[in-house]
Amino acid sequence: MNSARPTPVFLPSVVDGLPAVIGRSPFVTLTVIPAWGAKIASLRAADGHEWLWRNPHLPWQLPTVATSYIREADVGGWDECFPAVGPGPYPLPPWQGRPIRDHGEVWAQAWEVEEAADCLRLATTGDQFPYRLVRTIRLAAAEPAFEMTYELTNLSPAPFAFLWCAHPLLAIAPGMRLRLPPGSPVRSDGHLPGRFTWPAAGALDLTHVPGPEAAWAAKLYVGPLTEGWAALYDPATGRELRFEFDVRVTPFVGLWLNYGGWSGAGSAPYYNLGLEPCSGMPDDLASAVDPAWNAFSTVAAHSTLTWRLRVHV
């Protein structure tokens, strides 16, 4: 009898009327929409549990350059934010003053599928800036995990400063546990104290995920980290979603804690959580470059920078 495990495979499909690629291993099923910023629309464990949140108030439709992320495209799933997360001007020559749109530009671009067999390799090029970004997904054959490798090539003769952020919006339930390296420095842009160490924000233990009746939301920036991991754990089921990364290139984690406190679409407030490994902080590049933060990345002229993100499901 042949007891070999099935080889992970990526195959074309259609999801909500949109061309998609579905990757399957014995442990994980991923659904990716290349034309929508290479969005990961679904991340399911072997038992069928869906980790990614989906907005019940917004339709799924391909964005354009005029689409507002928070009003029209905050539909859920996992987006890539690059070359920044927040909107604002590029702060350095030779592109100083050139606008960066909200959540960056690659989330709204169509990515080209370069390979879809035992891995999924997608690529896009800059709209306002001279770069090429490639993301390759490989599903592990023998464990519930996958790895994403990023290759950023600067196509210009000048250094290119940027922020990169993985932007998965997670489906949450009261009683879940949010885990990060204890004692990590945290900065907040609202609702919570401006600076503290994880997980104690005053008397509040941020490890514990409250219910939507908490009715508050906050964006936090954790790091620089000395250990490259972050996780969401459900003690009721034993499930855990864990991110692992190299702190030399991904030294921060952004947290969007939306516990029934905010909606950008004019609907009832959302209940979700963004657990976001990132290369810098805060969300807009001009602030990240400012000496008050000094937390950003740079790729040299005509050079390629690579990094990895491993996800255990």
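Just so it is clear, the structure is predicted and the values come from calculations on it, not from any experiment.

Rules of the game
Residues numbered from 1 in each chain as written. Predicted model: local features only at pLDDT ≥ 70, side-chain atom pairs only at ≥ 80, totals over all residues. Heavy atoms only, no water. 1 Å grid on protein atoms, 1.4 Å probe; cavity = no way out; pocket = protein on both sides within 12 Å on 5 of 7 lines; lining within 4 Å. Points joined across faces, edges and corners; volume = space filled by probe spheres on them. Helix = DSSP H or I, 4+ residues; strand = E, 2+ residues; numbered from the N terminus. Nonpolar A, V, L, I, M, F, W, Y, C, P; charged D, E, K, R; others polar. Pairing = 2+ DSSP bridges. Axes fitted to C-alpha atoms, helices over the stretch in contact; angles between N-to-C directions. Salt bridge = Lys/Arg side-chain N within 4 Å of Asp/Glu carboxyl O. Buried < 20%, exposed > 50% of the residue type's maximum accessible area, 1.4 Å probe, protein only.

Student: Before we go on, may I ask you to explain the layout of surface pockets in this structure?
Tutor: Leftover empty space is mapped by rolling, across the atoms, a probe with the size of a water molecule. Estimates place the volume of the largest pocket at around 290 Å³. Around the largest pocket, the lining comprises 14 residues; the ones closest to its centre are Ile 70, His 103, Trp 256, Trp 262 and Asp 283. Mapped onto the lining of the largest pocket, the elements with two or more residues apiece are helix 1 (69–73), strand 13 (165–170) and strand 22 (252–262). When grouped by side-chain class, the residues that make up the lining of the largest pocket number 6 nonpolar, 3 polar and 5 charged.

Student: Can you walk me through the sheet that holds strand 21 (residues 239–245) in this structure?
Tutor: Picture the strands of a sheet paired through backbone hydrogen bonds; they go either parallel or antiparallel. With antiparallel pairing, 8 strands are arranged side by side in an open sheet as 8-9-10-11-25-21-20-14. Of all the strands in the sheet, the pair left with one neighbour each is strand 8 (112–116) and strand 14 (177–179). Neighbouring strand axes in the sheet, compared pairwise and without regard to direction, differ in orientation by 15° on average. Judged from the 6 bridges that link them, strand 20 (residues 229–234) and strand 21 form a sheet pairing that is antiparallel. Across the sheet, Leu 232 pairs through a bridge with Leu 241, a residue of strand 21.

Student: In this structure, what is going on with empty space enclosed by the protein? I would like to understand it.
Tutor: Per the counting criterion, the structure on display carries 1 cavity of 30 Å³ or more. Every residue lining the largest cavity is listed: Val 85, Leu 163, Trp 164, Cys 165, Lys 219, Tyr 221, Gly 254, Glu 276, Cys 278, Gly 280, Pro 282 and Asp 283. Only strand 19 (216–222) and strand 23 (270–278) provide two or more residues apiece to the lining of the largest cavity. For the lining of the largest cavity, the class distribution of residues is 7 nonpolar, 2 polar and 3 charged.

Student: Could you clarify how one ought to interpret the pairing of strand 8 in this entry?
Tutor: Where a strand is regular, its side chains alternate between the two sheet faces. As paired strands, strand 8 and strand 9 (residues 120–125) are joined by 4 bridges and run antiparallel to one another. Counted as the bridge partner of Ala 116 is Leu 120 from strand 9. Once strand 8 ends, the chain turns through 3 residues before running back antiparallel as strand 9.

Student: Explain the pattern of salt bridges here, please?
Tutor: In a structure, side chains of opposite charge can pair up when their charged atoms sit close to one another. Scanning the model with the defined rule gives 15 salt bridges in all. Notably, a salt bridge pairs Arg 121 with Glu 114, separated by 2.9 Å at the nearest N-O pair. As a salt-bridge pair, Arg 179 and Glu 240 come within 3.1 Å of each other at their nearest N and O atoms. Taken as a pair, Arg 179 in strand 14 and Glu 240 in strand 21 lie far apart in primary sequence, 61 residues in all. Taking the relative accessible area as the measure of exposure, Arg 179 reaches 34% and is therefore partly exposed. Glu 240 gets classed as partly exposed once you look at its relative accessible area, which sits at 25%. One network of salt bridges, in which partners are shared, links Glu 114, Arg 121, Arg 132 and Glu 151.

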